[in-house]
2 protein chains.
Amino acid sequence: MKYAIHTLNKAFDHRVRLGVMAVLLANEQVSFNDLKESLDLTDGNLASHVAALEKAGYVLVNKQFIGKKPNTTYQATAEGKAAFQEHLAALEKLLRGG
Amino acid sequence: MKYAIHTLNKAFDHRVRLGVMAVLLANEQVSFNDLKESLDLTDGNLASHVAALEKAGYVLVNKQFIGKKPNTTYQATAEGKAAFQEHLAALEKLLRGG
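Definitions and cut-offs
Each chain carries its own residue numbering, running from 1 in the written order of its sequence. Here chains are named by letter from A upward and ligands by number from 1 upward, in the order in which they appear as written. Local features are withheld for residues below a pLDDT of 70 in this predicted model, meaning they are given only at 70 or higher, and side-chain atom pairs are given and counted only at 80 or more; totals for whole chains, interfaces and linings count all residues. Hydrogens and water molecules were not included; the side-chain quantities draw on all heavy atoms of the structure. Helix and strand assignments come from DSSP, with helices taken as H or I runs of at least 4 residues and strands as E runs of at least 2, each series counted from the N terminus. Think of it in three bands: with a 1.4 Å probe and only protein chains considered, a residue is buried below 20% of the maximum accessible area for its type, exposed above 50%, and partly exposed in between. Angular values range over 0 to 180 degrees, each being the angle between N-to-C directions of two axes fitted as lines to C-alpha atoms, with helices fitted over their stretch in contact. Angle categories: roughly parallel below 35 degrees, roughly antiparallel above 145, roughly perpendicular from 65 to 115, and oblique for all the rest. Note on contacts: a residue pair is in contact if any heavy atoms of the two residues lie within 4.5 Å. When residue character is reported, Ala, Val, Leu, Ile, Met, Phe, Trp, Tyr, Cys and Pro are called nonpolar, Asp, Glu, Lys and Arg charged, and the others, Gly included, polar. The quantity reported as buried area is the accessible area (1.4 Å probe) lost by two parts once they are put together, taken as the sum for both. We define a salt bridge as a side-chain nitrogen of Lys or Arg found within 4 Å of a carboxyl oxygen belonging to Asp or Glu. In the analysis that follows, any N or O atom pair within 3.5 Å is treated as a polar contact, provided that within protein one partner can donate a hydrogen and the other can accept it, and provided that, for residues neighboring in sequence, both atoms belong to side chains. To estimate how far a helix should extend, the number of its residues minus one is multiplied by 1.5 Å. What the arc covers is the set of directions going from the helix axis to the C-beta atoms. Least-squares superposition aligns the copies on the C-alpha atoms of those residues with pLDDT at or above 70 in both. Aromatic contacts are taken between Phe, Tyr and Trp rings whose centres are within 6.5 Å, Trp giving its six-membered ring; a plane angle under 30 degrees counts as stacked, one over 60 as edge-to-face, and the others as tilted.

- The name that an unreviewed UniProt entry assigns to chain A is Transcriptional regulator, with the source organism given as Hymenobacter polaris.

Structure (structure tokens):
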């Protein structure tokens, strides 16, 4: 019997990335701080995983200023949303045994 | 809103390990070769992830001989089965948003 683990997306092989995508599917735009607090992470840990998701084209970073204060927000791209849904479907299939 | 990614088990942060556990939950004892073929992996890739699961106490390795031929089989421990089920429940909870 074959178990199709290669249909699981390597970009989501980490719980921080699963968490980031779960938040960004439930919320259109999320600030760095809100994301950090929602997932209970350090700055560095969140930044490195978000950077990986950005590089994969799954997350879009918006750097803006509110007055003189920088405000960075994140959102999932259409490609990211589709890839995450595919990953979840593959995971479900794997766990059903195949 | 809090997303409890820290309830996800770090030991399962890789698709190969998810695959190994899925196979070992569906089958009591599986040989190295059957596991390798089921998951379509190289020897080295499978060996390193199985070793990590063994170290975590989630997989038991049985080394036997059939005649003079070595036959290594794997099975999930009770602890491994429980940890994997908990991981899946945590994952489901995360994806429902919390």
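Here the narrative resumes.
## Considerations on unusual backbone geometry
Residue and element names in this part refer to chain A.
Now for step 1: If you check the backbone angles, Asp 40 has positive phi at about 55° while not being a glycine.
Now for step 2: If you trace the backbone, Asp 40 turns up in the loop between helix 2 (32-39) and helix 3 (43-55).
Now for step 3: Given a relative accessible area of 52%, Asp 40 falls into the exposed group.

## A closer look at the packing of helix 1 (residues 15-26) of chain B against helix 3 (residues 43-55) of chain B
All names here are of chain B.
Now for step 1: At a closest axis distance of 10 Å, the pairing of helix 1 and helix 3 adopts a crossing angle of 75°. If you check the angle between helix 1 and helix 3, you find them roughly perpendicular. Residue-level inspection shows Val 16, Arg 17, Val 20 and Met 21 of helix 1 in contact with helix 3, the latter providing Asn 45, Leu 46, His 49, Val 50, Ala 52 and Leu 53.
Now for step 2: Counted by class, the contact of helix 1 with helix 3 contains 7 nonpolar, 2 polar and 1 charged residues.

## Quick word on the interface of chain B and chain A
Now for step 1: Opposite the 27 residues of chain B that make contact, chain A presents 27 residues.
Now for step 2: In total, chain B and chain A occlude about 2400 Å² of area from one another, counting both sides; carbon and sulfur atoms represent 60% of this.
Now for step 3: Taken together, chain B and chain A are joined by 2 salt bridges.
Now for step 4: At the boundary of chain B and chain A, one finds 12 residue pairs in polar contact (both at pLDDT 80 or more).
Now for step 5: Looking at the side of chain B that touches chain A, the elements that each hand over two or more residues are helix 1, helix 2 (32-39) and helix 4 (78-96) of chain B.

## Focus on helix 4 (residues 78-95) of chain A
Spacing of three or four residues puts side chains on the same side of an α-helix, whose turn is 3.6 residues.
Now for step 1: With 18 residues, helix 4 of chain A extends 26 Å from end C-alpha to end C-alpha; this agrees with the ideal 26 Å at 1.5 Å per step.
Now for step 2: What helix 4 of chain A keeps buried is the set A:Gly80, A:Ala83, A:Phe84, A:His87, A:Leu88, A:Ala90, A:Leu91 and A:Leu94. Around the axis of helix 4 of chain A, the buried residues are gathered within 165° of arc, so they sit on the same side. Residues of helix 4 of chain A that are exposed and angled more than 90 degrees away from the buried face: A:Ala78, A:Glu86 and A:Glu92.
Now for step 3: In the core, the buried residues of helix 4 of chain A are packed alongside helix 1 (15-26) of chain A together with helix 1 and helix 4 of chain B.
Now for step 4: A:Gly97, located one to two residues past helix 4 of chain A, shows a positive phi value of around 100°.

## Comments concerning the relation of the copies chain B and chain A
Look at the two chain copies: a rotation about an axis and a shift along it is all it takes to match them.
Now for step 1: Taken as rigid bodies, chain B and chain A are interconverted by a rotation of 180° and an axial shift of 0.0 Å, the fit giving an RMSD of 0.0 Å. Such a combination of turn and shift is consistent with a two-fold rotation axis. Nearest to the rotation axis, the C-alpha of B:Asp13 is located 2.8 Å from it, this being the minimum over chain B.
Now for step 2: Both copies present the same face, since 100% of the interface residues in chain B are matched by interface residues at the equivalent positions in chain A.

## Things to note about the packing of aromatic side chains
Now for step 1: Throughout the structure, instances matching the rule amount to 6 aromatic pairs over all chains.
Now for step 2: Aromatic pair B:Phe12 and B:Tyr58: ring centres 5.4 Å apart, planes at 25°, arrangement stacked. Highlighted residues: B:Phe12 in the segment before helix 1 and B:Tyr58 in the loop between helix 3 and strand 2 (59-66), separated in sequence by 46 residues. Assigned by exposure class, B:Phe12 and B:Tyr58 land together as buried.
Now for step 3: In this structure B:Phe12 comes out as buried when scored by relative accessible area, which is 2%.
Now for step 4: In textbook terms, an aromatic cluster arises when at least three aromatic residues are bridged by ring pairs, as seen for A:Phe12, A:Tyr58 and A:Phe84.

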